[in-house]
Protein chains: 2
Amino acid sequence: MKFSILVEVQLLEGISDPAGATIERALPVLGYRGISDVSVGKTIRFTLEATDLSHAKELSEQICSSFLTNPVIEESTITIEEVS
Amino acid sequence: MKFSILVEVQLLEGISDPAGATIERALPVLGYRGISDVSVGKTIRFTLEATDLSHAKELSEQICSSFLTNPVIEESTITIEEVS
């Protein structure tokens, strides 16, 4: 069975976010006001072959915590959808 | 009124995605098989002050197309949620 996986990675609360801070500083200069709390994250999408949903969940959590994210500074949410 | 905005940016179909390709090459080496179509995108979250939902939509679309994304190589989806 094939599953479509979406991993959303965000910096943990309190971790410095230079990209977000740069966007927040730049927007008023460009004429956009009233914008705050800018944060930048990343998404990783992939297709995974697994025997069933729980196997897909286990595999994607393993990949996520061991390779795609740094749990010391990042948190992630995984969304799994069956494709075929 | 305050709105919470989520902008999800993905590379357009056919645009080279070196980060995704690197992840796809690395995973089998680490023992994970059956993974394909890896793509990497980014998310930008912020809080926006606007008079109403349509104003928030207009402002965030402007910010998105003029500053946060490059429409030549990227596509984006905007999710708006009222905060207060």
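Residues numbered from 1 in each chain as written. Chains lettered and ligands numbered in written order. Predicted model: local features only at pLDDT ≥ 70, side-chain atom pairs only at ≥ 80, totals over all residues. Heavy atoms only, no water.

## Topic: the relation of the copies chain A and chain B
Line of reasoning, step 1. Rotating chain A by 180° and moving it 0.0 Å along the rotation axis overlays it on chain B with an RMSD of 0.0 Å. Such a combination of rotation and displacement between the chain copies is what one expects of a two-fold axis. When each C-alpha of chain A is compared by its distance to the rotation axis, Lys42 of chain A comes out closest, at 2.0 Å.
Line of reasoning, step 2. A high fraction, 100%, of the interface residues of chain A reappear at the interface in chain B, so the copies pair face to face through one surface. (Least-squares fit on C-alpha atoms with pLDDT ≥ 70 in both. Contact = heavy atoms within 4.5 Å.)

## A short note on the sheet that holds strand E1 (residues 2-11) of chain A
Line of reasoning, step 1. A sheet is described by the order of its strands in space; here six strands give the open sequence E3(A)-E1(A)-E2(A)-E2(B)-E1(B)-E3(B), paired in antiparallel fashion. Lying at the two open borders of the sheet, with one neighbouring strand each, are strand E3 (74-82) of chain A together with strand E3 (74-82) of chain B. Neighbour-to-neighbour, the strand axes of this sheet turn through a mean angle of 20°, independent of strand direction.
Line of reasoning, step 2. In this sheet, E3 of chain A lies alongside E1 of chain A in antiparallel orientation, the contact comprising nine bridges. Looking across to E3 of chain A, one finds that Leu11 of chain A is bridged to Glu74 of chain A. (Pairing = 2+ DSSP bridges. Helix = DSSP H or I, 4+ residues; strand = E, 2+ residues; numbered from the N terminus. Axes fitted to C-alpha atoms, helices over the stretch in contact; angles between N-to-C directions.)

## Remarks on the packing of helix H2 (residues 53-68) of chain A against helix H1 (residues 18-29) of chain B
Line of reasoning, step 1. Between H2 of chain A and H1 of chain B, the shortest axis-to-axis distance is 12 Å and the interhelical angle comes to 105°. Taken together, the axis directions place H2 of chain A and H1 of chain B in an arrangement best described as roughly perpendicular. Here Ile63, Phe67 and Leu68 of chain A of H2 of chain A lie close against H1 of chain B, whose contacting residues are Ile23, Ala26 and Leu27 of chain B.
Line of reasoning, step 2. Across the contact of H2 of chain A with H1 of chain B, the residue classes tally to six nonpolar, no polar and no charged. (Parallel < 35°, antiparallel > 145°, perpendicular 65-115°, else oblique. Nonpolar A, V, L, I, M, F, W, Y, C, P; charged D, E, K, R; others polar.)

## Examining unusual backbone geometry
Line of reasoning, step 1. For Asp37 of chain A, which is not glycine, the phi torsion reads 55° and is therefore positive.
Line of reasoning, step 2. By secondary structure assignment, the location of Asp37 of chain A is in strand E2 (residues 35-49).

## Topic: helix H1 (residues 18-29) of chain A
Line of reasoning, step 1. An ideal rise of 1.5 Å per residue puts 16 Å on twelve residues; H1 of chain A measures up with 17 Å between its terminal C-alpha atoms.
Line of reasoning, step 2. Listing the buried residues of H1 of chain A in full gives Gly20, Ile23 and Leu27 of chain A. End-on, the buried residues of H1 of chain A take up no more than an arc of 60°, which puts them together on one face. Seen from the buried face of H1 of chain A, the exposed residues on the opposite side, beyond 90 degrees, are Pro18, Arg25 and Val29 of chain A.
Line of reasoning, step 3. Buried-residue contacts for H1 of chain A involve E2 of chain A together with strand E2 (35-49) and helix H2 (53-68) of chain B. (Expected span 1.5 Å × (residues − 1). Buried < 20%, exposed > 50% of the residue type's maximum accessible area, 1.4 Å probe, protein only. Arc of directions from axis to C-beta.)

## Considering the interface of chain A and chain B
Line of reasoning, step 1. If you look at the interface, chain A gives 29 residues, while chain B gives 29 residues.
Line of reasoning, step 2. Among the residues chain A hides against chain B, the three largest losses belong to Tyr32, Arg45 and Phe67 of chain A. Together they make up 23% of the total.
Line of reasoning, step 3. Here chain A is connected to chain B by two salt bridges.
Line of reasoning, step 4. Close ionic contact of Glu8 of chain A with Arg45 of chain B constitutes a salt bridge, the shortest N to O distance being 3.5 Å.
Line of reasoning, step 5. Across the chain A-chain B interface, the total number found is 18 residue pairs in polar contact (both at pLDDT 80 or more). (Buried area = accessible area lost by both parts, 1.4 Å probe. Salt bridge = Lys/Arg side-chain N within 4 Å of Asp/Glu carboxyl O. Polar contact = N/O pair within 3.5 Å; in protein donor to acceptor, adjacent residues only side chain to side chain.)

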